[in-house]
Amino acid sequence: MTITENPERDERAARQEEIADQLKLSAALNEIFAKMDAGQPPTGDDGSRRAAHRSS
């Protein structure tokens, strides 16, 4: 398998890393990670995953 350079892919990866860093700094995912660490499913109060995403 040959690895080739792909500027578009590199740009996407850089942008995804920026977004992940912003999420970490904002603490938007702390509640979800705390639930996961406690062994609870990362869902909202009504049991849906969508609600968990909206609460962040």
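Residues numbered from 1 in each chain as written. Predicted model: local features only at pLDDT ≥ 70, side-chain atom pairs only at ≥ 80, totals over all residues. Heavy atoms only, no water.

### Here's the deal with the overall build of the chain
When its secondary structure is counted, the chain shows 3 helices and 0 strands. Along its sequence from the N terminus, the chain presents helices and strands in the succession α-α-α. Counting across all 56 residues of the chain, residues that qualify as buried make up 9%. Carbon and sulfur atoms form 50% of the exposed surface of the chain, whose accessible area is close to 5200 Å². (Helix = DSSP H or I, 4+ residues; strand = E, 2+ residues; numbered from the N terminus. Buried < 20%, exposed > 50% of the residue type's maximum accessible area, 1.4 Å probe, protein only. Areas by Shrake-Rupley, 256 points an atom, 1.4 Å probe, with all protein chains shown as cover.)

### Considering the confidence of the model for the chain
Close inspection of predicted coordinates is inappropriate in any region flagged by low pLDDT. Averaged over every residue, the pLDDT of the chain is 80; residues scoring 70 or more account for 71%. Mean pLDDT values for the elements of the chain range from 54 in helix α3 (residues 49–54) up to 94 in helix α1 (residues 7–26). (pLDDT = per-residue confidence, 0-100.)

### A word on the pattern of salt bridges
Evaluated as defined, the whole model comprises 2 salt bridges. For the salt bridge of R15 with E18, the shortest nitrogen-to-oxygen distance reads 3.1 Å. Here R15 pairs with E18, and both are found in helix α1, just 3 residues apart, close to one helical turn. Close ionic contact of D21 with K24 constitutes a salt bridge, the shortest N to O distance being 3.9 Å. Taken as a pair, D21 and K24 lie in helix α1 at a separation of 3 residues, close to a single helical turn. Taking relative accessible area as the criterion, K24 reaches 62% and is therefore assigned exposed. (Salt bridge = Lys/Arg side-chain N within 4 Å of Asp/Glu carboxyl O.)

### Some words on the side chain of K35
Tracing the backbone shows K35 in helix α2 (residues 30–37). Buried and without a salt bridge, K35 has E31 as its closest oppositely charged side chain, separated by 4.3 Å. Residues in contact with K35, not counting those within four places in the same chain, are Q40, P41 and T43. (Lys, Arg positive; Asp, Glu negative; His and termini not counted. Contact = heavy atoms within 4.5 Å.)

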